[in-house]
Amino acid sequence: MNSGILFLSLLGFLPLVIPICPVPCKCATNIIDCTSKGLTVAKLPVTFRSSAEIIHLGYNRLTSIPNGLFDNLKSLQVVYLQGNPWECNCDILYLRSWLQWQQNRTFYRDVRCSSPAHLQDRIIAYLTEDEIISTCQYWYCSLALLSQLCLFIFLFLQGILVIFIIVYLQKFRRMTAEAQSNTRDLHQHVDTWVSSSRSPYNSD
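Here is what the cut-offs are and how they apply
Residues numbered from 1 in each chain as written. Predicted model: local features only at pLDDT ≥ 70, side-chain atom pairs only at ≥ 80, totals over all residues. Heavy atoms only, no water. Helix = DSSP H or I, 4+ residues; strand = E, 2+ residues; numbered from the N terminus. Buried < 20%, exposed > 50% of the residue type's maximum accessible area, 1.4 Å probe, protein only. Contact = heavy atoms within 4.5 Å. Areas by Shrake-Rupley, 256 points an atom, 1.4 Å probe, with all protein chains shown as cover. Patch = residues over 30% accessible without salt bridge, like charges linked within 9 Å, V, L, I, M, F, W, Y side chains within 5 Å. Salt bridge = Lys/Arg side-chain N within 4 Å of Asp/Glu carboxyl O. Pairing = 2+ DSSP bridges. Phe/Tyr/Trp six-rings, centres within 6.5 Å; stacked < 30°, edge-to-face > 60°. Lys, Arg positive; Asp, Glu negative; His and termini not counted. Polar contact = N/O pair within 3.5 Å; in protein donor to acceptor, adjacent residues only side chain to side chain. Disulfide = S-S within 2.5 Å.

Draft legend 1. Representation of the overall build of the protein chain within the structure. Helix and strand counts for the protein chain stand at four helices and six strands. Seen in sequence order, the protein chain has helices and strands lined up from the N terminus as α-β-β-β-β-β-α-β-α-α. Taking all 204 residues of the protein chain together, the buried fraction comes to 22%. Residue pairs at least 24 apart in sequence account for 43% of intrachain contacts in the protein chain once pairs closer than 6 positions are excluded. Accessible area of the protein chain: about 14,800 Å², with a carbon and sulfur share of 61%.

Laid out in structure tokens, this is it:
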């Protein structure tokens, strides 16, 4: 009885001990094969098991690699990346940096830019940082323009709100003044009526 419970307990802990192969990849001992799985950056596994030595990511739809994806894979020897439509913009900086740290760059001569046009077919590992950053300027300019537009809209709405508050306060002051005036008139009429009602000439 006790041995059966122990066995079931060990089965429960197996998923924590044995690394699970990321979907939709196929895994061998130290190999993770995600070739031709239609992977995009969004569908890419968040992490790979630390014992992986070879990872196949070729012939997918990857445009970049998320920052830090390969950093904790101490046993990693090679990643096959060919056949992907790499976009050589700001998002490619991590992959370029990782490739430049590899001892044998000949494995990565087929890892080339698909866009933008002026960097098309360039080997990513040999791109300079300035070449990549230059592609980001349009994005930064667009972001700056959008920020300025949002700021203008915000200030415009704020101005309208201030005008509305001022008009409302003026209207409120007029209403308050009218109410006070009506109250004074009413008090005067009441005082006059009380005075006249107390007059000895009005006695029955």
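The rest of the description comes next.
Draft legend 2. Region of interest: a nonpolar patch on the surface. Taken together, the side chains of Leu149, Phe152, Ile153, Phe156, Leu157 and Ile160 make up a nonpolar region of the molecular surface, amounting to roughly 610 Å² of accessible area. Within the secondary structure, Leu157 is located in helix α4 (residues 137-198).

Draft legend 3. Region of interest: the sheet that holds strand β2 (residues 31-33). Judged by pairing direction, the sheet is mixed, and its four strands sit side by side in the order β1-β2-β3-β4 without closing on themselves. Lying at the two open borders of the sheet, with one neighbouring strand each, are β1 (26-27) and β4 (78-80).

Draft legend 4. How the structure looks around the packing of aromatic side chains. Under the counting rule described, the total for this entry stands at three aromatic pairs. Ring geometry for Phe107 against Tyr108: centres 6.5 Å apart, planes inclined by 70 degrees, an arrangement best described as edge-to-face. You can call Tyr108 buried: its relative accessible area is 2%. A connected cluster of aromatic rings, assembled from ring pairs, spans Phe70, Trp98, Phe107 and Tyr108.

Draft legend 5. Structural detail: the side chain of Arg96. Counting through the fold element by element, Arg96 comes out in helix α2 (residues 93-100). Within the buried set, Arg96 has no salt-bridge partner at all; the shortest N-O distance to an opposite charge, 4.4 Å, is to Glu129. Other than its neighbours up to four places away in sequence, Arg96 contacts Ile124, Leu127, Thr128, Glu129 and Ile132.

Draft legend 6. Highlighting the side chain of Arg49. Checked against the element boundaries, Arg49 lands in the loop between β2 and β3 (54-56). An unpaired buried charge is present at Arg49: no salt bridge exists, and Glu53, the closest side chain of opposite charge, is 10 Å distant. Side-chain polar atoms of Arg49 contact the backbone oxygen of Ala28, separated by 2.3 Å. At a separation of 3.1 Å, a polar atom in the side chain of Arg49 contacts the main-chain carbonyl oxygen of Thr29.

Draft legend 7. Representation of α2 in the model. Among the residues of α2, those classed as buried are Tyr94, Leu95, Arg96, Trp98 and Leu99. Looking at the buried positions of α2, the neighbouring elements they touch are β4, β5 (86-87) and α3 (129-134).

Draft legend 8. Molecular detail of the pattern of salt bridges. Going through the model one piece at a time under the given rule, you end up with one salt bridge. Here Arg122 and Glu131 are joined by a salt bridge, their closest N and O atoms 3.0 Å apart. For Glu131, a relative accessible area of 24% corresponds to the partly exposed category.

Draft legend 9. Looking closely at the state of the cysteines. Enumeration according to the criterion identifies three disulfides in this entry. The disulfide partner of Cys25 is Cys34, and the gap between their sulfur atoms is 1.9 Å. Between Cys25 and Cys34, the S-S dihedral sits near 100 degrees, and the bridge is therefore right-handed. According to the relative accessible area criterion, Cys34 is buried, its value standing at 0%. A disulfide bridge connects Cys88 with Cys113, and the sulfur atoms are separated by 1.9 Å. Disulfide Cys88 to Cys113: torsion about the S-S bond roughly -95 degrees, handedness left-handed.

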